[in-house]
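Tertiary structure, described
Here are the chains, one letter per residue:
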Amino acid sequence: MRIIATIALSLFLLPSFGQSLKKEEITKLADAYLVEGVNTLRDFLALSNLGSIPSDIDQNIKWCEEEFGSLDFKTSVLISDGVKYLLAERTLDQTLPTVLVYLQIDGQPVDASKWFQTNPFTAVLKNCDRADCHEIDWNALRKDWDPNWRIFARSASDSKGPAVAFIQSLRIFRQENIPTAFNIKVIMDFQEELGSPTLPSLVAQYRDLLASDVILIMDGTRPPGNIPNITFGARGIATLKLTVFGPRNDMHSGQYGNFTPNPVFALSHLLASMKDENGLVLIPGFYEGVNLSSQQKELINKVPEDRTEMLESMGIFQPEMVGDTYQESLQYPSFNVRGLQAGWVDEEVRTIIPSKAIAEIDMRLVTETPAERQIQLVKDHIEGRGFKILDSLPTDAERKQFPKLIRLESRIGSKPFKTPLDSPIGIWLRLAMDQSLGEGAYISMQATGGSQPIEPFISTLGIPAVSVRISNPDSNIHAPNENLRIGNFHEGLKMCLGILTQPYE
Ligand SMILES: [Zn+2]
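About the thresholds
- Each chain carries its own residue numbering, running from 1 in the direction its sequence is written.
- Where totals are concerned, whole chains, interfaces and linings use all residues; where local detail is concerned, this predicted model gives features only for residues with pLDDT of at least 70, and gives and counts side-chain atom pairs only at 80 or more.
- Side-chain calculation: all heavy atoms of the structure are included, whereas hydrogens and water are not.
- What counts as a helix is a DSSP run of H or I of at least four residues, what counts as a strand is a run of E of at least two, and both are numbered from the N terminus.
- Our radius of gyration looks at C-alpha atoms and nothing else; its globule reference is 2.2 Å times the residue count to the power 0.38.
- Per-residue accessibility, obtained with a 1.4 Å probe over protein chains only, is compared with the maximum for each type, and a residue is labelled buried under 20%, exposed over 50%, and partly exposed between these values.
- The contact criterion used is simple: two residues touch if any of their non-hydrogen atoms lie within 4.5 Å.
- Charged-residue counts in this description rest on Lys and Arg as positive and Asp and Glu as negative, His and the chain ends being excluded.
- Just so you know, the charge point we use is NZ for Lys, CZ for Arg, CG for Asp and CD for Glu.
- The working definition used for a salt bridge is a side-chain nitrogen of Lys or Arg within 4 Å of a carboxyl oxygen of Asp or Glu.
- Paired strands, as defined in this entry, are two strands with at least two bridges between them according to DSSP.
- Lines are fitted to the C-alpha atoms to define the axes, a helix being fitted only along its stretch in contact, and any angle between axes, read from their N-to-C directions, falls within 0 to 180 degrees.
- Distances define the donors: N, O and S atoms within 2.8 Å of the metal qualify, as do those within 3.2 Å of Na, K or Ca. Water is excluded, so some sites may look unfinished.
- In these notes, a set of buried Ala, Val, Leu, Ile, Met, Phe, Trp, Tyr and Cys residues joined through side-chain atoms within 4.5 Å is what counts as a nonpolar core.
- One fewer than the residue count of a helix, multiplied by 1.5 Å, yields its expected span.
- A pair of sulfur atoms, both from cysteines and within 2.5 Å, is called a disulfide here.
- The definition of a polar contact used here is a pair of N or O atoms within 3.5 Å, where within protein one atom must be able to donate a hydrogen and the other to accept one, and adjacent residues in sequence count solely through side-chain atom pairs.

Turning next to the overall build of the chain. Along the chain, the regular secondary structure elements total 16 helices and 21 strands. Its C-alpha atoms give the chain a radius of gyration of 25 Å, within 12% of the compact-globule value 23 Å for 505 residues. Overall, the C-alpha framework of the chain stretches about 85 × 50 × 50 Å when taken along its three principal axes. Per-residue burial for the chain yields a buried fraction of 52% across its 505 residues. Sequence-distant contacts, at least 24 apart, represent 79% of the contacts inside the chain between residues at least 6 apart. For the chain, the separation between the mean place of its 48 positive charges and that of its 63 negative charges on side chains is 3 Å.

This is how it looks when you write it as structure tokens:
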């Protein structure tokens, strides 16, 4: 069901081109159009959105086509290597600059049994006091709303909530006859959670169609503390799968213990050689090229950090020691074991020497540490430990010839990007954020720890990018009970209103 409230505010003297909205105007508009925006979001959340299911992609494309069509945007489906994207565009005035907005529409798979609601695609409004949440009627929003109420549904925060905050700002401009400071292009990605595998070829193929002056990414969560945030970079990602081989088959640990080597120990020794007890990567050259000047550190560390609260909420005694602060630690590449497997555990445990041990690794990358280099460094390190690296299962001949066998499979995901904080785009966004939320009410971050598939736009189109982060840090993205705080959606709306009306020179 679609609930639309038509509101005509006419409260203000409307600005002409090149005139930004005032803070009070932005707040009044966001207040007046909040409920309609939430209803649009509920409607959108009801569509399941797995990037691997073509009918899911199609139904979300249809929704977006209708929505942007109703906002006087021209839409076209772009196809890259068989995968559909949607482009929506609106030219207001040829002399204005063009902003390209990237929206992620797909979501992670759901395990409905782990959710505290019947259907993860039927949004539920809740009032939460720490972990204790209770459902409230949607009509409560119409009377008065509490910024701490939350919308629970898959993709509420990642990333349909931010997408709808942006769409609702366009609705406001249209209803209230407010000119934007930009011509607007919107590219919608329906396979972000699959790593946007065809995005680089899309950008190369439709380079002219996507040409713009600046890119805004409506994706990503805010850092701990939930302060409104714009982020000028993201780490990239490369993944590795390491398989260390032992005997040809699993062996009885009584009959062969003390004789047949167990690959779990070989893998453990290898992993232990890669990172020390303080969390510093020991692979030679891993951090090479990353040098934070005291000036950069000062800018980076403007983001407030409550160390005690962070440790307490994570339930850990102390952090790793790569950077002096949380923000500094995100400026370095990381090396993480994301999964381990060998033999069986719990009820299925058996007394065997397993035939293989597997470690799944992810490495987050920064601009100074490209994926190809980092993967080669890992290979060199493994060879330096006496392993023979294979790209498939070992042959009998290899088993005879080499004492230590490991298979290494690698995949390069999104590349890192970094836009200087003091660049023209940085200055423009700070002016816009001052108008939307007020000076000192937000933070600019150099980099987020996660990865975003934005680099193809930056390298192919040659334009800078910044991500506008709306979602609360405790939003459970990718996990059961994903949610978006109403206050965050409201602030997101204000941010979009301010940014799109702030002239960019
Ligand atoms: Zn995600």
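Turning to the pattern of salt bridges, a few remarks are in order. Here the structure, examined in full by the defined rule, presents 16 salt bridges. Between glutamate 491 and arginine 222 there is a salt bridge, and its shortest N-O distance comes to 2.9 Å. Taken together, the residues span a long stretch of sequence, with glutamate 491 in helix 16 (residues 486-501) and arginine 222 in the loop between strand 8 (214-218) and strand 9 (229-231) at a distance of 269 residues. For glutamate 491, a relative accessible area of 22% corresponds to the partly exposed category. In this structure, the salt-bridge partner of lysine 297 is glutamate 328, at a minimum N-O distance of 3.9 Å. Of this pair, lysine 297 sits in helix 9 (residues 294-300) while glutamate 328 sits in helix 11 (residues 326-329), and the two are 31 residues apart along the sequence. Accessibility expressed as a relative area gives 4% for glutamate 328, which makes it buried.

Moving on, we get to the sheet that holds strand 20 (residues 465-469). Reading across from one edge, 1-2-7-3-8-20-9-19 is the order of the eight strands in this open sheet, with mixed pairing throughout. Each edge of the open sheet is held by one strand with a lone partner, namely strand 1 (74-80) and strand 19 (443-445). Adjacent strand axes in the sheet meet at a mean angle of 25 degrees, parallel and antiparallel pairs treated alike. Sheet strands in contact with helix 2 (residues 54-70) are strand 1, strand 2 (83-90), strand 3 (98-104) and strand 7 (183-189), and its direction is about 5 degrees off that of strand 2. The strands that helix 4 (residues 156-176) touches are strand 3, strand 7 and strand 8; relative to strand 3, the one it contacts most, it runs at about 145 degrees.

Six octahedral donors at a metal ideally form angles of 90 or 180 degrees, and four tetrahedral donors ideally form angles of 109.5 degrees. Within the first shell, the zinc ion binds the protein through Asp158 (OD), Glu193 (OE) and His478 (NE2), at distances of 2.0 to 2.1 Å. Mapping the donors of the zinc ion onto the primary sequence gives the spacing D-x34-E-x284-H. Of this pair, aspartate 158 sits in helix 4 while glutamate 193 sits in the loop between strand 7 and helix 5 (199-205), and the two are 35 residues apart along the sequence. Neither aspartate 158 nor glutamate 193 differs from the other in exposure class; each is buried.

Of all hydrophobic cores here, the largest spans 76 residues; its most connected members are Phe68, Leu103, Phe166 and Met188. The dominant element in this core, judged by the number of residues it contributes, is helix 1 (residues 23-45), at ten residues. In this structure, methionine 188 is in contact with Cys64, Phe68, Tyr85, Leu86, Ala88, Leu103 and Ile105, ignoring residues within four places of it in sequence. If you look at the next biggest cluster of nonpolar residues, it comprises 32 residues, including Ala238, Phe286, Val366 and Ile375.

Our next topic: helix 14 (residues 424-436). Counted at 1.5 Å a residue, the expected span for helix 14 with its 13 residues is 18 Å, and the 18 Å between its end C-alpha atoms agrees. Of the residues flanking the end of helix 14, it is glycine 438, one or two places downstream, whose phi is positive at about 100 degrees.

As a further point, take the state of the cysteines. Scanning all chains against the criterion turns up one disulfide. A disulfide bridge connects cysteine 128 with cysteine 133, and the sulfur atoms are separated by 2.1 Å. Handedness here is read from the sign of the S-S torsion; for cysteine 128 and cysteine 133, about 110 degrees, the answer is right-handed. Classification of cysteine 128 by relative accessible area gives buried; the value is 17%. According to the relative accessible area criterion, cysteine 133 is partly exposed, its value standing at 30%. As a non-bridged cysteine, cysteine 64 has cysteine 496 as the owner of its nearest cysteine sulfur, 15 Å distant.

The next point concerns the side chain of aspartate 189. The residue aspartate 189 is located in strand 7 in this model. Within the buried core, aspartate 189 has no salt-bridge partner, and the shortest N-O distance to an opposite charge, that of arginine 411, equals 11 Å. Of note is the side chain of aspartate 189, whose polar atom sits 2.9 Å from the backbone nitrogen of glutamine 191. Separated by 2.6 Å, the side chains of aspartate 189 and serine 196 make a polar contact. Excluding anything up to four places from it in sequence, aspartate 189 contacts Tyr85, Tyr102, Leu103, Gln104, Ile105, Asp106, Ser196, Leu199 and Pro453.

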